[in-house]
Amino acid sequence: MPATRSLHSNSLDERYKAVFFTKWDLDISNAQRIVSEEEITTQNVRTSQLVAGVAAVPKKTEGADIARFSADQGYDTLITPDTYAMGFCITEEMFEDDLHAQADKYPSVLAGLHANTLSTAVFNTLNNGFGTQLLDTNGQTFFNTAHALSGSSSTGANSATGADLTETSLEAAIELLIKTVNEDGVYIGDAPSKLCVSAANWGEARRLTRSTTTTEQLTGKSGNAINAVADAYSME
């Protein structure tokens, strides 16, 4: 029955595509809250940052020569994408006699597995940020208090001393983000938009990012004092 088999195959493929990508778009949205997609057309991609070697343009008096600087390439990073793939075996007999519509469930299951794989890879960037599994271009861990810059200075990606999640510690983290500079020592102007915490801290995170009044009334702050974090930033 080649004609029938071909007809079934074509119908199955189109149905799977529709269900798979609908489910994919729904499940993948959670991972995309902290990442952005970039189309990569080659197997290996090199990234680098142009470093001017100066944080501010110097003044020039009338008739004086212009100060010239020799820019360098900065860090050169090689990105090699990973490929993931899996599938289910489907026979013609299953397609014709499947009483429990098991074949119809495969697209949703596959999409969920793929979405979970991507989410795990994304959030492991944060989960392994203090370990050697993920090293920055300068050889330091992702979360480090001394990321070396092109000059003799350095910048930190976390506070020197660990702290519990509180209004005070979150304000300190935001201050660190505001003061973060690029390779030339220029402020990058980042602002917080998302607060990623473990499942055990979801309630405290919600209070910190949604309460209009302070959450630290027992530490000397007035009960009607504003929550500066929630007032200044709309974090998820």
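Use the structure listed above.
I will try to describe carefully the structure that is included in this document.

## Some points on the overall build of the protein
Helix and strand counts for the protein stand at six helices and four strands. The burial tally for the protein puts 17% of its 236 residues in the buried class. When the accessible surface of the protein is split by element, carbon and sulfur atoms take 54% of a total near 16,700 Å².

## Remarks on the pattern of salt bridges
Inspection of the entire model under this criterion finds three salt bridges. Of the charged contacts, one joins Glu 175 and Lys 179 as a salt bridge, the two residues approaching to 2.7 Å between their closest N and O atoms.

## Focus: helix H5 (residues 202–210)
Regarding H5, the residues found buried are Gly 203, Ala 205, Leu 208 and Thr 209. Close packing links the buried residues of H5 with helix H4 (167–178) and helix H6 (228–232).

## Section: the side chain of Thr 180
Within the secondary structure, Thr 180 is located in the loop between H4 and H5. Here the side chain of Thr 180 touches Leu 176 through a polar contact of 2.8 Å, landing on its backbone oxygen. Setting aside its immediate chain neighbours within four residues, Thr 180 contacts Thr 155, Val 186, Tyr 187 and Ile 188.

## A short note on the packing of aromatic side chains
Within the structure shown, the criterion is met by two aromatic pairs. A centroid spacing of 4.9 Å and a plane angle of 35 degrees characterise the contact between Phe 130 and Phe 143, whose relative ring orientation is tilted. Here the residue Phe 130 occupies a position in the loop between helix H3 (102–127) and strand E3 (147–148), and Phe 143 occupies one in the loop between H3 and E3, the gap between them amounting to 13 residues. According to the relative accessible area criterion, Phe 130 is exposed, its value standing at 60%. With relative accessibility at 21%, the residue Phe 143 sits in the partly exposed group. Between Phe 142 and Phe 143, the aromatic rings sit 5.0 Å apart at their centres with planes inclined by 75 degrees, giving edge-to-face as the arrangement. Each residue in the set Phe 130, Phe 142 and Phe 143 is aromatic and connected to the rest through ring pairs, giving one cluster.

## Observations regarding the environment of Ser 70
Mapped onto the fold, Ser 70 is located in the loop between strand E1 (45–48) and strand E2 (76–79). By relative accessible area, Ser 70 is classed as exposed at 71%. Spatially, the C-alpha atoms of Ser 70 and Gly 53 are 7.4 Å apart, while their sequence positions differ by 17 residues.

## Section: a nonpolar patch on the surface
Residues Met 86, Phe 88, Val 109 and Leu 113 make up a contiguous nonpolar surface patch of roughly 320 Å² in combined accessible area. Taking relative accessible area as the criterion, Leu 113 reaches 36% and is therefore assigned partly exposed.

## Describing H4
Between its terminal C-alpha atoms H4 stretches 16 Å, which fits the 16 Å expected from twelve residues at 1.5 Å a residue. Along its buried surface, H4 packs onto H5 and H6.

## A closer look at the nonpolar core
Of all hydrophobic cores here, the largest spans seven residues; its members are Leu 170, Ile 174, Leu 195, Ala 205, Leu 208, Val 229 and Met 235. Only H4 and H5 provide two or more residues apiece to this core. Leave out the neighbours within four places in its chain, and Val 229 touches Leu 170, Glu 171, Ile 174, Leu 208 and Met 235.

## A word on the environment of Asp 231
Relative to the helices and strands, Asp 231 resides in helix H6. With a relative accessible area of 58%, Asp 231 lands in the exposed category. The spacing of Asp 231 and Arg 210 is 21 residues in sequence and 8.7 Å in space, taken between C-alpha atoms.

## Comments concerning the side chain of Thr 209
You can see Thr 209 is positioned in helix H5. A polar side-chain atom of Thr 209 sits 2.8 Å from the main-chain carbonyl oxygen of Ala 205. Setting aside anything within four residues of it in sequence, one finds Thr 209 in contact with Leu 195, Ala 230 and Met 235.

Cut-offs and rules
- Residues numbered from 1 in each chain as written.
- Predicted model: local features only at pLDDT ≥ 70, side-chain atom pairs only at ≥ 80, totals over all residues.
- Heavy atoms only, no water.
- Helix = DSSP H or I, 4+ residues; strand = E, 2+ residues; numbered from the N terminus.
- Buried < 20%, exposed > 50% of the residue type's maximum accessible area, 1.4 Å probe, protein only.
- Areas by Shrake-Rupley, 256 points an atom, 1.4 Å probe, with all protein chains shown as cover.
- Salt bridge = Lys/Arg side-chain N within 4 Å of Asp/Glu carboxyl O.
- Contact = heavy atoms within 4.5 Å.
- Polar contact = N/O pair within 3.5 Å; in protein donor to acceptor, adjacent residues only side chain to side chain.
- Phe/Tyr/Trp six-rings, centres within 6.5 Å; stacked < 30°, edge-to-face > 60°.
- Patch = residues over 30% accessible without salt bridge, like charges linked within 9 Å, V, L, I, M, F, W, Y side chains within 5 Å.
- Expected span 1.5 Å × (residues − 1).
- Core = buried A, V, L, I, M, F, W, Y, C linked by side-chain atoms within 4.5 Å.

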